[in-house]
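# Notes for the structure review
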Amino acid sequence: MPVITCIDDLKRLYRRRVPRMFYDYAESGSWTEQTFRDNVADFAEIRLRQRIAVDMTGRSTASAMIGQPVAMPVALAPVGLTGMQNADGEIKAARAAETFGVPFTLSTMSICSIEDVAAHTSKPFWFQIYALNDDDFNARIIARAKAAGCSALVITVDLQILGQRHRDLKNGLSAPPKFTLPTMLNLATKWAWGLEMLRTKRRFFGNIVGHVEGVSDPSSLSSWTAEKFDPALNWDKIRKLMDLWGGKVILKGVLDVEDAEKAAALGADAIVVSNHGGRQLDGALSSIRMLPEIAAAVGDRCEVWMDGGIRSGQDVLKAVALGAKGVMIGRAFVYGLGAMGEAGVTKALQVIHKELDTSMALCGETRLADVGRHSVLVPKGFLDGYS
């Protein structure tokens, strides 16, 4: 077993173990991938302010996200196709998150269904829904999430139409994989992944196949999905989804102050500053660059979180210092899942937690609530934005 000291160690194992199409699905962005790269690179421009001669005993990273106690202000983001990164992946990730003490968010486009995850966990998880143009499906899947005991609804608001992801198109991404010659040659080198997938019955989109009339196989699913993202999405439709849920709501995909104002006015419990991991509008600013302005504008009315580019506990610390009450991680936990299954997700969380705890202490703080703008050094112009 290799020594795992950072998220990049898990990423290297992940790349060796998982088929190329699923690695590329996680590790890519839209078009030129500029925003995908900036999400990570912009964190490197922010430096931490070292302090000394401060009593570092009694530290705690404990916090809360929308009233839910958490071991650290980190939630596992909704990631589609997680069950193709590792057999029964959503179940494994949810169990690791539950044991560690952080929230798990199940994607609508998961391989394991809402009911599958609920049956294999003991605490409520969050459920993510896209704003689809199928009112009947929206109502039924929200009812299923309620019946499963989900404690919050995450509404993804930045996916009205799909940004083009070149690698997914070239790889012929599907679940289960289409057996083209290049895919079969690549799968032949991933025998451990293949053996695990053969042992599970969960290889399709469990929240959709069998729950939508006329969708019974991958080909019918593809055509249904292509037609259901709602290009006519507006704030009234978002409000209707919130009313249909009737509980705590997180709006994910806000990257503009005006949109943040509208989300706060709508009564969202939290908003997630996010550009969909650089997978939608290529050329948009990174999440961390937009976070401070949005947090300053609406942070007194709803919780402001961020998603995109988090690869370490230091990144979490920087986000908190710039106004985030919490963060979501996607790729960081997927690397662990693909590399080592449930144990890999646990390892990813342990790595991030240790980095967060140690770095917070070396910045002279023992509680995350005391971390703020004074804890970081930001280059001139970084927060000035663009005109």
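Reading guide: rules and limits
- Residues numbered from 1 in each chain as written.
- Predicted model: local features only at pLDDT ≥ 70, side-chain atom pairs only at ≥ 80, totals over all residues.
- Heavy atoms only, no water.
- Helix = DSSP H or I, 4+ residues; strand = E, 2+ residues; numbered from the N terminus.
- Contact = heavy atoms within 4.5 Å.
- Phe/Tyr/Trp six-rings, centres within 6.5 Å; stacked < 30°, edge-to-face > 60°.
- Lys NZ or Arg CZ within 6 Å of the ring centre and 35° of its normal.
- Pairing = 2+ DSSP bridges.
- Patch = residues over 30% accessible without salt bridge, like charges linked within 9 Å, V, L, I, M, F, W, Y side chains within 5 Å.
- Areas by Shrake-Rupley, 256 points an atom, 1.4 Å probe, with all protein chains shown as cover.
- Salt bridge = Lys/Arg side-chain N within 4 Å of Asp/Glu carboxyl O.
- Axes fitted to C-alpha atoms, helices over the stretch in contact; angles between N-to-C directions.
- Parallel < 35°, antiparallel > 145°, perpendicular 65-115°, else oblique.
- Left-handed = near helix turned anticlockwise from the far one by under 90°.
- Nonpolar A, V, L, I, M, F, W, Y, C, P; charged D, E, K, R; others polar.
- Buried < 20%, exposed > 50% of the residue type's maximum accessible area, 1.4 Å probe, protein only.
- Lys, Arg positive; Asp, Glu negative; His and termini not counted.
- Charge placed at Lys NZ, Arg CZ, Asp CG, Glu CD.
- Core = buried A, V, L, I, M, F, W, Y, C linked by side-chain atoms within 4.5 Å.
- 1 Å grid on protein atoms, 1.4 Å probe; cavity = no way out; pocket = protein on both sides within 12 Å on 5 of 7 lines; lining within 4 Å.
- Points joined across faces, edges and corners; volume = space filled by probe spheres on them.
- Expected span 1.5 Å × (residues − 1).
- Arc of directions from axis to C-beta.

### Some remarks on the environment of Asp 24
Mapped onto the fold, Asp 24 is located in helix H2 (residues 20-26). In this view, Asp 24 contacts Arg 167, Asp 168 and Asn 171; residues no more than four positions away in its chain are not counted.

### With respect to the packing of aromatic side chains
The geometry of an aromatic ring pair is captured by the separation of the ring centres together with the interplanar angle, meaning the angle of the planes. Counted according to the given criterion, the structure contains six aromatic pairs. Of the aromatic side chains, those joined through ring pairs into one cluster are Tyr 14, Tyr 23 and Tyr 335. If you follow Arg 279 out to its NZ or CZ, it ends over the ring of Tyr 25, 4.6 Å from the centre.

### A word on the sheet that holds strand S7 (residues 152-156)
Reading across the sheet, the eight strands line up as S4-S11-S10-S9-S8-S7-S6-S5 and stay open at both edges, with parallel pairing between neighbours. Each edge of the sheet is formed by a strand with only one pairing partner; in this case those strands are strand S4 (74-76) and strand S5 (105-106).

### Remarks on a nonpolar patch on the surface
Among the surface-exposed residues, Trp 191, Leu 195 and Leu 198 lie close enough to one another that they form a single nonpolar patch of about 380 Å² accessible area. Locating Leu 195 in the fold gives a position in helix H10 (residues 191-198).

### Things to note about the packing of helix H1 (residues 7-17) against helix H16 (residues 331-340)
For any two helices packed against each other, the geometry is given by the interaxial angle and the distance between the axes. The contact between H1 and H16 brings their axes to 7 Å, and the two run at 50°. Between H1 and H16, the angle is such that the two are oblique. When you trace H1 past H16, the crossing you get is left-handed. Of the residues in H16, those touching H1 at Ile 7, Leu 10, Lys 11, Leu 13, Tyr 14 and Arg 17 are Ala 332, Val 334, Tyr 335, Gly 336, Gly 338, Ala 339 and Met 340. Split by residue class, the contact of H1 with H16 holds nine nonpolar, two polar and two charged.

### A few points about the side chain of Arg 165
Secondary-structure assignment places Arg 165 in the loop between S7 and helix H8 (166-171). Buried Arg 165, no salt bridge; nearest opposite-charge side chain is Asp 168, N-O distance 4.7 Å. Those residues within four positions of Arg 165 in sequence are excluded, and the remaining contacts are Gly 29, Ser 30, Leu 159, His 276, Arg 279 and Gln 280.

### Focus on a negative patch on the surface
A cluster of acidic residues, Asp 256, Glu 258, Asp 259 and Glu 293, forms a negative patch at the surface. Relative to the assigned elements, Asp 256 resides in the loop between strand S8 (249-254) and helix H13 (257-266).

### Some remarks on the pattern of salt bridges
A complete count under the given rule lists 24 salt bridges for this structure. Between Glu 196 and Lys 92 there is a salt bridge, with its nearest N and O atoms 3.9 Å apart. Here Glu 196, found in helix H10, pairs with Lys 92, found in helix H5 (residues 89-100); they are 104 residues apart in sequence, far enough to count as distant. Owing to a relative accessible area of 17%, Lys 92 belongs among the buried residues under this scheme.

### A closer look at the nonpolar core
Residues Leu 76, Ile 271, Leu 291 and Met 306 are the most contacted members of the largest nonpolar core, which totals 112 residues. Considering each element in turn, this core owes the most residues, seven residues, to helix H17 (residues 342-362). Those residues within four positions of Leu 291 in sequence are excluded, and the remaining contacts are Val 273, Val 304, Trp 305, Met 306, Ala 319, Leu 322 and Ala 324. Formed by 13 residues, the second largest nonpolar core is a distinct cluster that contains Met 65, Ile 66, Ala 270 and Trp 305.

### Points about the layout of surface pockets
Sizing a probe to match a water molecule and rolling it over the atoms shows the empty space that remains. In this structure, the second largest pocket encloses a volume near 510 Å³. What lines the second largest pocket is a set of 22 residues, and nearest its centre among them are Val 157, Asp 158, Gln 160, Gly 253 and Asp 259. Among the elements of the structure, helix H12 (235-245) and S8 are those that each provide at least two residues to the lining of the second largest pocket.

### Points about the environment of Leu 81
Examined against the element boundaries, Leu 81 turns out to sit in the loop between S4 and helix H4 (82-85). Taking the C-alpha atoms as reference points, Leu 81 and Pro 176, separated by 95 residues in sequence, lie 9.7 Å from one another.

### Brief notes about helix H7 (residues 135-147)
In this model, H7 (13 residues) spans 18 Å end to end at C-alpha, consistent with the 18 Å of a helix rising 1.5 Å per residue. Turning to H7, its buried residues are Phe 137, Asn 138, Ile 141, Ile 142, Arg 144 and Ala 145. Across the axial projection of H7, the buried residues extend over an arc of 155°, all falling on one side. Turned more than 90 degrees off the buried face of H7, the exposed positions are Asp 135 and Ala 147.

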